[in-house]
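# Residue-level structural notes
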Amino acid sequence: MNHLVCGILAHVDAGKTTLSEAMLYETGMRRTLGRVDHGDSFLDTHNLERQRGITIFSKLAHLNTPNRHITLVDTPGHADFSPEAERTMPILDCAIVVINGSDGVQAHTLTIWELLERYQVPVFLFVNKMDLPGPGKDAIVSELQQKLSPGIVDFSASPEEIAENAAMCDDAMLEQYLSGGTITSGNLRELISERKLFPCCFGSALKLSGIREFLSLLDVCAPQNNYGEAFAAKVYKVSRDPQGVRLTWVKVTGGSLRVRSTIAYRDRDGSFHEEKCVQLRQYAGTQARQTDEIASGEICAIQGLSATWAGQSLGAEPEGSAQILEPVMSFRMNLPPDKDPMKVLPLLRQLEEEEPQLHLMWDSRLRQIRVQLMGRVQLEILQSLILERFSISVTFDAGRINYLETITSTVEGVGHYEPLRHYAECHLLLEPGEAGSGIVLANQCSADILDINYQHLIISHLVEKQHLGVLTGSPITDIRITLVSGRAHPKHTEGGDFRQATYRAVRQGLMQADSQLLEPWYEFTLTVPSTQIGRAITDIRSMSGEFDSPEQIGENSILRGTVPVSEVRDYSQTVASYTHGMGVLQTRMYGYRPCHNPEDVISEACYDPESDLENTPDSIFCSHGAGFCVKWNQVSQYMHLSSILEKTTQPEVVTRNLRMDDRELERIMEREFGPIKRRQYTAPANRPATEQIPIAPPRRQMYLIDGYNLLFAREELKETAKIDLGLARDRLLDQLHSYAGYKNCPMIVVFDGYKAKGNPGQKQLDANIQVVYTKEGQTGDAYIESMAAQIGNNYSVRVVTSDSLVQLSSFRSGLLRMSSQELWTEIDLCHTQMSSYLAELSHKENRKFQSKEVSICKTP
């Protein structure tokens, strides 16, 4: 028997659960007809469902027709629980959309229809409550065709009319029909499967009117699936039974699944799991039976899988798309005084696992738990569930809107992470995306620049985290992020380094960009008596809403448009009040648009992006083995790779010299401290001719040397240091002794000792050279800066280093700078001069000695 999974969806109170009860009763699966208002329906079994008279959790029921075994999936109809309905759509073979014959197409009906179109689910329509006063079949069909699809056909008409209208839905079918052919049930099934034809039936589920004909239509015309032999399954729900056992609900879409078989999969974090199916359960309402094997097309609950998640694909099942319905409100949860939030949070994670759209957020700074929900009804249900499951009574605040942020300009974000023995640099291009596009990732980085494995790592880090904007700390959206460049170190780069660099690159780019705040908007239909249309228009305008011209239908006027969600709140109650129950407000999610009052929202948020340490825009660089923080607006001065934006505007490639020249240092000083104010030339003041003008004697020269920087600038000493660092230091000091003696000037040579545990520091004086080993925790750079400030007034100090930061500090202090390579050039020149002098002196001595020998030989 062919298996068919059929979902039932509708706007709330359209009679969806009543139709399920009628179908079960008509096929003999139930002996009595359950009713929602009596609290004895087969599918609404939870206490909360029976108390409120609405479906909250999706349930399963089974029935048989002559050719099919049908699994009914009853879904929630309230808009607050629409994500629960959306999660079932990937597993449906077809869907039944129930329409209230008295109300017609409502706001949530349009949302359901758009979701079914997105998931490409074939649809049958059942217009319910036809026993009540209404507009009639023709008017209803006309409205459905206008608002939903022109492919909707009335299947309660004669066979000739059905065939003719169905043929109109496909050009090839119409040509066949006009040429004298017939429209078979196979043709209808094909058109329905391709979503070109949508059969529509009429009846009353409560009175069992039209139910038999509708079941017959499903039996004959519903799609027939062909499944592959390899195992495949789709997870659509995770729950726990009354004993707390974790259940994974799947539809098998290929092969079969046997009890005790092993399933391999990856969890949300990418970790690999290989677990056995301890038990396979098939549910009908709350009743479960264990089975040994599940065939393709069937649904079951698996016990034994510990890390699966709703929407996951198992086996050969291809990956699906993410859900599009997202909460627009967030609420702060207030716990009882005796409950620790850190202990309650893991319990709530179980509910989040079962309801993925229930986003739980932990504010570590305020120690608060916040939840994101679709609306007030879902909030009340959550409150009841927490009390029922965990015996914790919680309350919530008034709630706030879930804002998003985007950018309106193109920027390059740079993240650099280089503490000691770590290295990663990442360059990302951030561009504004199309509205509703979300975060779009691209890669334009060449493998010659950065290894492909590191590129994949950066892309995965972009995906794994919800990146926050810099206006209110809200998530970002509608941005295209492109990896353009990066650099790794062959020895020091580790996996986590690029995570840090990537996060910082995104954040640094957002700090530079022109950001825009987005807020959710509703699409609304407001029906009020014509005498109240003026009040309605005034209200919508005061909410910053937009609308078309009012439509006049009988004694009512209809206003259609869009309005910010933040302004609507409880306006539906206001409408009911001023229209005395005659007005109706219907809303559905329209999407995110620019915020109508961004200044007020940003001011109220009081968000400081630079103080958000978990989302810092700053980078970490390294100098002499010590990492230091560089603010986001100065990263471009320190980054190791050139900007990709500069390349697009300046085609000439400029090689950057690590040593700063005077002009570059002067530009930095002007940028940091303003223009340099130089005194203009003026004539000397009149002085008496006999006045003696004192001339200060020249100050003695002194060298302040970064020892390790100088050592590693010499290739032979660098190679010696790899074998014996102490020997390399001794050889360096020998050469400096010779140079100091030749120049007759004192030297201070500073070696870093900041990493030596318990190192108290050491100073040695040998002739003109003072050797300093800094103490633990003190860098050589810091000692040089301190010493330069102390002796700068008494000596003509030359600071010898190739470190740009130390050079900049020396320049600021008015000291002379010399790179390590320049000093080595002078040392080599001095050695050459000394060698020449010694050679010449030796030559003179030899000549003098030879002259004495001649004189001795000539003596009689």
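Above: the structure in question.
Residues numbered from 1 in each chain as written. Predicted model: local features only at pLDDT ≥ 70, side-chain atom pairs only at ≥ 80, totals over all residues. Heavy atoms only, no water.

### A closer look at the nonpolar core
Generally speaking, nonpolar side chains in soluble globular proteins are found buried as a group. Quick reminder of the rule: Throughout, nonpolar core names a set of buried Ala, Val, Leu, Ile, Met, Phe, Trp, Tyr and Cys residues whose side chains join them through atoms within 4.5 Å. Here the term buried applies to any residue with accessible area under 20% of the maximum for its type, exposed to any over 50%, and partly exposed to those in between, with areas from a 1.4 Å probe on protein chains only. The numbering of helices and of strands both runs from the N terminus, where a helix is a DSSP run of H or I of at least 4 residues and a strand a run of E of at least 2.
Within the largest apolar cluster, 43 residues are counted, with the highest numbers of intra-cluster contacts made by V371, I386 and L526. Per-element tally for this core: the top contributor is strand β28 (residues 515-529), with five residues. In this structure, I8, C94, I96 and M173 belong to the second largest nonpolar core, which totals 42 residues.

### Notes on the sheet that holds strand β8 (residues 232-240)
By way of backbone hydrogen bonds, the strands of a sheet pair with one another, either parallel or antiparallel. We apply this condition: Pairing between two strands requires that DSSP report at least two bridges joining them. Between the N-to-C directions of two axes lies an angle of 0 to 180 degrees, each axis being a line fitted to C-alpha atoms and, for a helix, fitted only over the stretch in contact.
An order of β14-β13-β16-β9-β8-β17 is seen for the six strands of this open sheet, with the pairing classed as antiparallel. Two strands in the sheet have a free side with no partner beyond their single neighbour: β14 (287-290) and β17 (313-315). Averaged over all pairs of adjacent strands, the angle between their axes in this sheet comes to 40°, without regard to strand direction.

### Observations regarding the sheet that holds strand β4 (residues 94-100)
Strands sit in the order β2-β3-β1-β4-β5-β7-β6 across an open sheet of seven strands; the sheet is mixed. Both outer strands of the open sheet, β2 (59-64) and β6 (152-154), are each paired with one neighbouring strand and no more. Taken over all neighbouring pairs, the strand axes of this sheet differ in orientation by 25° on average, direction set aside. Of the strand pairs in this sheet, β6 and strand β7 (residues 198-202) are connected by three bridges, and their pairing is parallel. Within β7, the position partnered with I152 by the bridge is F198.

### Focus on the packing of helix α6 (residues 159-167) against helix α7 (residues 171-178)
Under the convention used in this document: When an angle is under 35 degrees it counts as roughly parallel; over 145 it counts as roughly antiparallel; between 65 and 115 it counts as roughly perpendicular; any other value is oblique. A contact between two residues is defined here by any heavy atoms of the two lying within 4.5 Å. The residue classification treats Ala, Val, Leu, Ile, Met, Phe, Trp, Tyr, Cys and Pro as nonpolar and Asp, Glu, Lys and Arg as charged. All others, Gly included, are polar.
Put simply, α6 and α7 touch, their axes get as near as 8 Å, and they point 135° apart. Here α7 runs oblique to α6, going by the angle between their axes. The residues of α7 that touch α6, namely those facing E160, A163, E164 and A167, are M173, L174 and Y177. A breakdown of the residues in the contact of α6 with α7 according to their chemical character gives five nonpolar, no polar and two charged.

### Re the environment of R289
As a reminder of what qualifies: Here a polar contact is recorded for every N or O atom pair within 3.5 Å, except that within protein the pair must consist of a potential hydrogen donor and a potential acceptor, and residues adjacent in sequence are included only if both atoms are side-chain atoms.
As for its placement among the helices and strands, R289 is situated in strand β14. Sequence separation between R289 and C300 is 11 residues; the distance between their C-alpha atoms is 9.9 Å. The residues touching R289, leaving out its near neighbours within four places in the chain, are L280, R281 and Q282. A distance of 2.5 Å separates the side chain of R289 from the side chain of Q282, its partner in a polar contact.

### Quick notes on a nonpolar patch on the surface
Test applied: The patches described consist of residues with a relative accessible area above 30% and no salt bridge, like charges being joined within 9 Å and nonpolar side chains (Val, Leu, Ile, Met, Phe, Trp, Tyr) within 5 Å. Under the convention used here, a 1.4 Å probe and the Shrake-Rupley method define accessible areas, while residue burial counts only the protein chains that appear. The rule for a salt bridge is simple: a side-chain nitrogen of Lys or Arg has to be within 4 Å of a carboxyl oxygen of Asp or Glu.
Judged by side-chain polarity, Y837, L838 and L841 come together as a nonpolar surface patch covering roughly 320 Å² of accessible area. The residue L841 is located in helix α26 (residues 820-858) in this model.

### Some words on the side chain of D267
Our working rule: For the charge count, each Lys or Arg is scored as positive and each Asp or Glu as negative, with His and the chain ends excluded.
Relative to the elements of secondary structure, D267 occurs in the loop between β11 (262-266) and β12 (272-276). Although D267 is buried, it forms no salt bridge, and the closest oppositely charged side chain is R266 at an N-O distance of 7.2 Å. There is a polar contact of 2.8 Å between the side chain of D267 and the backbone nitrogen of S271. Leave out the neighbours within four places in its chain, and D267 touches H273, A307 and W309.

### So, the pattern of salt bridges
Inspection of every chain in the model, using the stated rule, returns 29 salt bridges. Residues K207 and D131 are paired through a salt bridge, measuring 3.6 Å at the closest nitrogen-oxygen approach. Placement of K207 in the loop between β7 and α9 (211-221) and of D131 in the loop between β5 (123-128) and α5 (137-147) is noted, with a sequence separation of 76 residues between them. One connected set of salt bridges, linked through shared partners, spans E114, E523 and R588.

### Some details on unusual backbone geometry
Most of the time, phi is negative for any residue but glycine, and the peptide bond is trans. Despite not being glycine, D478 shows a phi value in the positive range, around 55°. Within the element layout of this structure, D478 appears in the loop between α12 (452-464) and β27 (479-488). Non-glycine residue N744 carries a positive phi angle of around 55°. Residue placement: N744 occurs in the loop between α23 (725-743) and β36 (747-751). Given the relative accessible area of 53%, N744 is considered exposed.

### Some thoughts on helix α1 (residues 16-26)
Judged by how many residues are buried, α1 sits mostly within the fold: nine of 11 residues are covered. What α1 keeps buried is the set K16, T17, T18, L19, S20, E21, A22, M23 and L24. Buried residues in α1 make contact with β1 (2-10), β2, β3 (68-74), β4, β5 and α9. Just downstream of α1 lies G28, where phi reads positive at about 85°.

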